[in-house]
Amino acid sequence: MDTEAERSNSVGDQEKDTAQQTTVTESNKLDDRAETSHIDHHKPTVEEMEGAGGLKGLIANPFVFATAVFASLGGLLFGYDQGVISGVLVMPHFMATFPLNPTEKGFVVAILELGCWAGAWFAGYFADKIGRKFTIVLGTIIFLLGASLQAGAQNISFLFGGRFVCGLAIGILSMVVPLYQSEISPPEIRGSLVALQQFAITVGILISFWIDYGTSTIDSDVSWRLPLALQLIIGLILGIGILFFPFSPRWLMSQNREEDALRVLSRLRRLPPDHPIVAEEWREIKATVEFDRQIEREKYPQHINNGAKGRFMIGLGGYRDLFRKGIFKRLWLGCALQFFQQFTGINAIIYYAPTIFQSIGLSGTSVPLLATGIVGVVNVVCTIPAVLFLDQFGRRNILLCGAFFMAISHIIIAIIVGLFEDNWPAHKTEGWVAVAFVYFFIANFAYSWGPIGWVYPSEIFPLRIRAKAMSVTTSANWMCNFIIGLITPPMIATLRFGTYVFFATFTVLMFFWVLFFVPETKGRSLEDMDQVFGDKSAVHDAELMSHIQAQVHEHEAPPVAAVKQERDNLE
Ligand code: BGC
């Protein structure tokens, strides 16, 4: 770990390092080039570079497939921790140990999201400083601590503390796992990963709901401690699993570890280091890293050789860029989309489904929990079409359709609850109709605002500021998630049917917002995005990038000899 940390120096230091290393390794490089010149000028075709995409692509390459499954563990943890609390809150032994009022209930749920919000911000710093892989390990260690505090909670402070600490970890993981994943994947499966991540979240929620259902009948504290403790297993699998995966080649390159980057690429692609595909990818990564440095040199010449302070100022400048005309419009759209995703009321259901089902007439402990388990199933099943067909229908159409039917569901539930909430025993059928509309609502969220809430922000920003922009939109999601977690229990207790009127209002608003303000992004390239949003930055970036790519292709060769030498020594 320390080698990585030691090498993660400031941009200024990196520049100096590069200069020094250039002199030391120049002659080696020349040797490498001489030895590998037969492959250097063969640029693989697009067909050679891009294998099969989607499921086929995953199955075709077991190592990449394992990586995709592994990435899903991050999402699984995200979903499990979000989902598990809903059932726990209504378990008799939990309620006896922690007799919470509605505000405290809201706080137990929402403090996790507050932690996530903070964790998502920190993740970026650690991901650059100690590397993606060790940031995942760090996230897992924090998670294990938080989960143990929750499962072993002796008083309410333990529980709050445990939820917050777990949130920090999930915030870190929700940011760094997809980042790491996308950096080790070949391009052809990168796109499907965002929808796959959403799928994993829903599977995590589903598992947690059914575990809650299964343990709810245990007649002791084990009923609620066990589901909270079981998270430790997923955390451990994630923490141990990551050790079998390599460092991100892009991160290695940004630390000037060019040989290591080549070694990792060769292992990931299961091809020799001098294979044209590996060489081309190595050059592409090098060009991207060079591109970032060039942009920094252009924009912040005064900070370049200024050590840690310079790096801090450059980082700050990146955030300032987000407020430029053209980019700000995208930032606003991305944040608004995340805001509306949460204000559909999805997590009012995910976190409080059993409480909500009780409030629409289902009685006992197991019936509401069973009904909640079905929420999980509907959520997973209806996410599948998104994974398979998202790209065939425009984003706008799917968002409009989802908002329309979610609004209808809320309105119908509001009417039923408003009319019959004072006498459910006499209106059992009406209660079940309301339950059916909760499922209909979930189904309409699952194929639309769930996945697109994450997909849209990932495709509207120019490459250079994408990570920073997404950290802002992601944190907007967690902040709104926190607010919903906090306000739902008091709303159900005091506003009653008004809760659904509240969410119906937002779903109607978001329908018109999409209709009038959200441009279609399906099938648009990065350069097209400029026209869509009236900005020039992506065109400039694209020109600079192709110039750097040409330069790298002409003058840079992967350090094949060194890597091969090491292999020969091992054999
Ligand atoms: C949302 C989560 C939500 C989940 C439900 C995600 O897209 O961001 O807050 O709990 O979908 O499936």
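Residues numbered from 1 in each chain as written. Predicted model: local features only at pLDDT ≥ 70, side-chain atom pairs only at ≥ 80, totals over all residues. Heavy atoms only, no water.

Colleague: Explain the site of the ligand here, please?
Modeller: Around the ligand there are 13 residues in total, and Gln82, Gln198, Gln341, Asn347 and Trp454 lie nearest to it. A distance of 2.8 Å separates an oxygen atom of the ligand from a polar side-chain atom of Gln82. The protein chains hide 100% of the 310 Å² of surface that the ligand would expose on its own. Residue assignment for the shell around the ligand shows that the elements contributing at least two residues are α11 (192-215), α17 (327-343), α22 (449-460) and α23 (463-494). Per-element accounting of the shell around the ligand gives the leading share, 3 residues, to α11. Taken together, the residues of the shell around the ligand sort by class into 3 nonpolar, 10 polar and no charged. (Near = heavy atom within 4 Å. Polar contact = N/O pair within 3.5 Å; in protein donor to acceptor, adjacent residues only side chain to side chain. Areas by Shrake-Rupley, 256 points an atom, 1.4 Å probe, with all protein chains shown as cover. Helix = DSSP H or I, 4+ residues; strand = E, 2+ residues; numbered from the N terminus. Nonpolar A, V, L, I, M, F, W, Y, C, P; charged D, E, K, R; others polar.)

Colleague: Would you mind showing me how to read the pattern of salt bridges here?
Modeller: Oppositely charged side chains can pair when the atoms bearing their charge come close. Under the definition given, this model contains 13 salt bridges. Across the salt bridge formed by Glu281 and Arg269, the nearest N and O atoms sit 2.7 Å from each other. Placement of the pair is Glu281 in helix α15 (residues 276-299) and Arg269 in helix α14 (residues 258-269), with a sequence separation of 12 residues. The same class applies to Glu281 and to Arg269, which are both buried. Between Glu421 and Arg496 there is a salt bridge, and its shortest N-O distance comes to 3.4 Å. Highlighted residues: Glu421 in the loop between α20 (395-420) and α21 (428-446) and Arg496 in the loop between α23 and α24 (498-517), separated in sequence by 75 residues. By relative accessible area, which is 19% here, Glu421 ends up buried. Residues joined by salt bridges that share partners form a network here, namely Arg257, Glu259, Asp260 and Arg263. (Salt bridge = Lys/Arg side-chain N within 4 Å of Asp/Glu carboxyl O. Buried < 20%, exposed > 50% of the residue type's maximum accessible area, 1.4 Å probe, protein only.)

In short, shape yes, function no, at least from these values alone.
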